[in-house]
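# Descriptive analysis of the structure
Chain residues, written in single-letter form:
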Amino acid sequence: MTQHRNFIGGRFVEASGLSGIEVRNPANGKVFTTVPAADDADVAAAVEAAKGAQKLWRQLPAIQRGDALRKLADAIEHHAPRIGESLALESGKSLADATAEAIYGVELLRYHAEWARRIEGEIIESDTPDETLLLKREPIGVVACLIPFNFPIYTLVRKIAPALITGNAVVVRPSNTTPTSAFAFAQAVLEAGLPAGLINIMTMSHDVARTMCTHPAVGMITLTGSVAAGQTVLDYCKNNIAKPSLELGGKSPVIVEPDADLDAVARMVLGAKTAHCGQVCTSAERLYVHASIHDALVETLRQGFVSRRFGDRSAHPHSMGPLANAAARDRIHGMVERAMAEGATVVAGGVIPDGDGYFYPPTLITGCRQEMEIVREEVFGPVLAVLSYETFDEALALASDHQFGLASVLFSENYRKVMQAASEIEAGELYVNRFPADPYQGYHAGWKKSGLGGDDGKHGMLEFTQTRLVILKH
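Here is a short report on the structure shown in this document. Everything quoted here is computed from the prediction, not taken from an experiment. (Residues numbered from 1 in each chain as written. Predicted model: local features only at pLDDT ≥ 70, side-chain atom pairs only at ≥ 80, totals over all residues. Heavy atoms only, no water.)

### Regarding the overall build of the protein chain
Broken down by element type, the protein chain carries 14 helices and 22 strands. For a compact globule of 474 residues, the expected C-alpha radius of gyration is about 23 Å, and the protein chain comes in at 23 Å, within 12% of that figure. Every one of the 474 residues in the protein chain was classed for burial, and the buried ones make up 57%. For the protein chain, contacts bridging at least 24 residues in sequence account for 72% of all contacts bridging at least 6. Counting every atom, the protein chain has about 19,300 Å² of accessible surface; 52% of that belongs to carbon and sulfur. (Helix = DSSP H or I, 4+ residues; strand = E, 2+ residues; numbered from the N terminus. Rg over C-alpha atoms; globule rule 2.2 N^0.38 Å. Buried < 20%, exposed > 50% of the residue type's maximum accessible area, 1.4 Å probe, protein only. Contact = heavy atoms within 4.5 Å. Areas by Shrake-Rupley, 256 points an atom, 1.4 Å probe, with all protein chains shown as cover.)

Here you go:
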């Protein structure tokens, strides 16, 4: 087993006396390593190190911070094979996909480095003679970053890059399900020569995470996770009145109009639904199909779902991989069984396969109704609920009738309907004739219970700032 150590204050530190955290390979269910469990003293030291580093970091011209991010990007690119190996083993991704995630993080860092010359304030006219109002953008200070298991390197970069370019320091808690890639990432941070304490990466229990997030020096907490996790973070924020940035649940509706290319739609639905075993926050979860094409599209989808292979991607890289853990599989299968009990029909999948690993087949469910749990709650797995509609207005109403509002998808060539959806859909994103793949120059922000704040682009970068108004008499 590889020895892992927490990264605090610019160095790898020996583990405390607490028991380590076991990490399993989801493709076979076996423990392949342990990672250290930071204690309260460790996270306090990390926050204090970040606080000290941030005071000097914020004083640098932004262009120098951008240069540092480019050096970090180069180091991650150099370490991408090692990061990819760690990520593949802990997540069940293929080595190619895991390495590509690290390279995507490189591009994301380089993108945010370009914001160095584009962080802008405002000059505002005053009502008072001989006076000017200056609105400045300033860093928040220390940002606690809580990372999910599904894209642990991409999401880590998605949070720390805008935090750093705007003058903040970070303390990072990777998911205990996929932590080893974060320690490989920390090695790249060390070699990039960033100021000691600027980036700290530690694994820990939930109780210790509370200690970290409620430390008096933490001014912002950013999380990608479940609604329940977001509610917990909001409780943490109360201590310091810290700023929350939350990307939470999703239940992406997909509307398919009669003029859509059904073969292309079926191909894209299958690809989107089985990418990383459906463990994607913007994955298709509700398929609304016009009644005139419902049976034809369902049959094409059924054939694709039945024929889609799944298995250990280290041996069969083009297969669909496993779920994160046994609990996730049991939860998802329970939802499928309850849908059947409520009258839905499983036309593909819906069984727990024999053998090792946390696999679940692509599952297609028809005859669903809007009030069913399988339609109302996030599955976060390779399960797709199908519903039929008669009119476009009905489809839009059903798509928006939900607690979540992260992403949405429309397949239509009718520009009037596209513009109607663009004006009415209750979601932070609308993808037209394609599936979600967040453009990092856009703004990934959910409505309703899907979150607060957002990621990516100018607006995501500005999330990591606060304002100071200067009233200048002259």
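### Topic: helix α6 (residues 206-213)
Among all positions in α6, only Val 208, Ala 209, Met 212 and Cys 213 are buried. Seen from one end, α6 has its buried residues packed into an arc of 140 degrees, which puts them on one side. (Arc of directions from axis to C-beta.)

### What about the pattern of salt bridges?
One pass over the full model with this rule turns up 22 salt bridges. Of the charged contacts, one joins Arg 313 and Asp 97 as a salt bridge, the two residues approaching to 2.9 Å between their closest N and O atoms. Of this pair, Arg 313 sits in the loop between α9 (294-307) and α10 (326-341) while Asp 97 is found in helix α3 (residues 95-113), placing the two residues 216 residues apart along the sequence. Note on Arg 313: relative accessible area 13%, which makes it buried. Linking Lys 243 and Glu 463 is a salt bridge whose minimum nitrogen-to-oxygen distance equals 3.9 Å. With Lys 243 in strand β11 (residues 243-247) and Glu 463 in the loop between α14 (457-462) and β22 (465-473), the pair connects residues that are 220 residues apart, well separated along the chain. Judged by its relative accessible area of 12%, Glu 463 falls in the buried class. (Salt bridge = Lys/Arg side-chain N within 4 Å of Asp/Glu carboxyl O.)

### A few points about the packing of aromatic side chains
Centre distance and the angle of the planes are the two values used to describe a pair of aromatic rings. Within the structure shown, the criterion is met by eight aromatic pairs. Ring centres 5.0 Å apart and planes at 50 degrees place the aromatic pair Phe 7 and Phe 12 in the tilted group. Residue classification places Phe 7 among the buried positions, given a relative accessible area of 2%. Phe 12 gets classed as buried once you look at its relative accessible area, which sits at 15%. Aromatic ring contacts, followed pair by pair, group Tyr 104, Tyr 111, Trp 115, Tyr 154 and Tyr 440 into a single cluster. (Phe/Tyr/Trp six-rings, centres within 6.5 Å; stacked < 30°, edge-to-face > 60°.)

### Things to note about the sheet that holds strand β12 (residues 252-256)
With respect to topology, seven strands assemble into an open sheet ordered β14-β15-β16-β13-β12-β18-β19, the strand pairing being mixed. Two strands lie at the open edges of the sheet, namely β14 (345-348) and β19 (429-432), each paired on one side alone. Between one strand and the next, the sheet's axes are offset by a mean angle of 25 degrees, whatever the strand orientation. As paired elements, strand β15 (residues 363-366) and strand β16 (residues 383-389) share three bridges and run parallel to each other. Residue pairing across strands places Thr 363 opposite Val 383, the latter belonging to β16. Against the sheet, helix α12 (residues 392-400) contacts β12, β13 (284-290), β16 and β18 (407-411), and its axis sits at roughly 170 degrees relative to β12. (Pairing = 2+ DSSP bridges. Axes fitted to C-alpha atoms, helices over the stretch in contact; angles between N-to-C directions.)

### Remarks on the packing of helix α2 (residues 62-91) against helix α4 (residues 152-165)
One way to put it is that α2 packs onto α4 with a least axis distance of 11 Å and a crossing angle of 170 degrees. By the criterion of interaxial angle, the relationship of α2 to α4 is roughly antiparallel. Together, Ala 62, Arg 65, Gly 66, Leu 69, Ile 83, Leu 87 and Glu 90 of α2 and Pro 152, Ile 153, Ala 161, Leu 164 and Ile 165 of α4 make up the contact between the two elements. Looking at the contact of α2 with α4 residue by residue, the classes come out as nine nonpolar, one polar and two charged. (Parallel < 35°, antiparallel > 145°, perpendicular 65-115°, else oblique. Nonpolar A, V, L, I, M, F, W, Y, C, P; charged D, E, K, R; others polar.)

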